[in-house]
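# A closer look at the structure
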Amino acid sequence: MKSKISIVVPVYNEETNVSALHKKLMEHLGGLDRPYEIIMVDDGSEDRTFEELKKLRPVKVIRFQKNSGQTSAMDAGFQAAEGEIIITMDGDLQNDPSDIEKLVSKLDEGYDVVS
């Protein structure tokens, strides 16, 4: 069986982006023929980010009550990740989900870390 992928996305006040990001992730992860999970960490958002996250499937949602910063959000996502491969993405669509396939293919060549 191929290694499971965990996508970890820290988000803060991204109510307008999380749904679009999730949709793009689903489009690209579905074509990889391997198990995956999406973990979004709401870093104490003050808008409706958490409400938008609750509408998404499949996704694991971790919610901080107050803003703790990207490092803490990443750490929480890493701790919750079940995959052998962890890919981090920004919640503002800065990273293109179509790059996931390129990253994973390099890992499949035997690299330990791909950036």
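You'll find the structure just up there.
Conventions and cut-offs
Per-chain numbering applies: the sequence of each chain, read as written, is numbered from 1 onward. Per-residue local features of the predicted model are confined to residues with pLDDT of at least 70, and side-chain atom pairs are confined, for both listing and counting, to 80 or more; whole-chain, interface and lining totals are unaffected and use all residues. To obtain the side-chain values, all non-hydrogen atoms of the structure were included, while hydrogens and water were left out. Helix numbers and strand numbers start at the N terminus; a helix is a DSSP run of H or I with at least 4 residues, a strand a run of E with at least 2. As defined in this context, the radius of gyration uses C-alpha atoms, and a globule is described by 2.2 Å times the residue total to the power 0.38. Buried residues are those whose accessible area, probed at 1.4 Å on protein chains only, stays under 20% of the maximum for their type, while exposed residues exceed 50% and partly exposed ones sit between those limits. In what follows, residue pairs with any heavy atoms lying within 4.5 Å of each other are defined as contacts. Only the protein chains shown count as cover for residues, with accessible areas throughout obtained via the Shrake-Rupley method and a probe of 1.4 Å. Residues belong to a common nonpolar core when they are buried Ala, Val, Leu, Ile, Met, Phe, Trp, Tyr or Cys residues joined through side-chain atoms within 4.5 Å. A 1.4 Å probe that fits into a set of points on a 1 Å grid over the protein atoms alone but cannot get out defines a cavity; an open set with protein on both sides within 12 Å along at least five of seven lines defines a pocket, and lining residues are those with an atom within 4 Å of a point. Grid points are joined across faces, edges and corners, and a volume is the space filled by probe spheres set on the points. Asp, Glu, Lys and Arg are counted as charged, while Ala, Val, Leu, Ile, Met, Phe, Trp, Tyr, Cys and Pro are counted as nonpolar; the rest, among them Gly, fall into the polar class. Stacked, edge-to-face and tilted are the three classes for Phe, Tyr and Trp ring pairs, Trp counted by its six-membered ring, which pair at centre distances within 6.5 Å; planes under 30 degrees apart are stacked, over 60 edge-to-face, the rest tilted. We count a charge as sitting over a ring when the NZ of a lysine or the CZ of an arginine lies within 6 Å of the ring centre and within 35 degrees of the ring normal.

## Regarding the overall build of the chain
Within the chain, the regular secondary structure consists of 4 helices and 4 strands. Its C-alpha radius of gyration of 14 Å places the chain within 12% of the 13 Å reference for a compact globule of 115 residues. Principal-axis analysis of the C-alpha atoms places the extent of the chain at approximately 40 × 25 × 25 Å. Counting across all 115 residues of the chain, residues that qualify as buried make up 39%. Expressed as a percentage of contacts within the chain between residues at least 6 apart in sequence, the contacts between residues at least 24 apart total 65%. Total accessible area computed for the chain in this model is approximately 6,600 Å², and 44% of it derives from carbon and sulfur atoms.

## Side note on the nonpolar core
By size, the foremost hydrophobic cluster in this structure holds 19 residues, and its most contacted members are Ile7, Leu25, Met40, Ile87 and Ile100. For this core, the elements supplying multiple residues, two or more each, are β1 (5–11), α1 (18–29), β2 (36–43), β4 (85–88) and α4 (100–108). The residues contacting Ile87, other than those within four sequence positions of it, are Ile5, Ser6, Ile7, Val8, Ile100, Leu103 and Val104. Counting 8 residues, the second-largest nonpolar core is a separate cluster that includes Val8, Val41, Met74 and Ala81.

## Side note on the environment of Pro10
Summarising the element assignment, Pro10 is placed in strand β1. Between the C-alpha atoms of Pro10 and Asp33, which are 23 residues apart in sequence, the distance is 25 Å. Excluding residues that lie within four positions of it along the chain, Pro10 makes contacts with Val41, Gln70, Ala73, Met74, Met89 and Gly91.

## Focus on the layout of surface pockets
Roughly 440 Å³ of volume is contained in the largest pocket. For the largest pocket, the lining is made up of 20 residues, of which Ile86, Ile87, Thr88, Leu103 and Val114 are closest to its centre. Among the elements of the structure, β4 and α4 are those that each provide at least two residues to the lining of the largest pocket. Classifying every residue of the lining of the largest pocket by side-chain character gives 10 nonpolar, 4 polar and 6 charged.

## Observations concerning the packing of aromatic side chains
If you walk through the whole model with that rule in mind, you get 0 aromatic pairs. Sitting over the ring of Phe50, Arg63 keeps its end group 4.0 Å from the ring centre.

## A few points about unusual backbone geometry
Here the bond from Arg57 into Pro58 is cis, since omega is -15 degrees, no more than 30 degrees from zero. You can see Pro58 is positioned in the loop between α2 (49–54) and β3 (60–64). Even without glycine at this site, Asn13 takes up a positive phi of about 50 degrees. On the secondary structure map, Asn13 appears in the loop between β1 and α1. We classify Asn13 as partly exposed; its relative accessible area is 31%. At Leu93, a residue that is not glycine, the phi angle is positive and equals roughly 70 degrees. Positionally, Leu93 belongs in the loop between β4 and α4. Residue classification places Leu93 among the partly exposed residues on the basis of a relative accessible area of 29%.

So, to be careful, I would describe these as geometric facts and stop short of saying anything about function.
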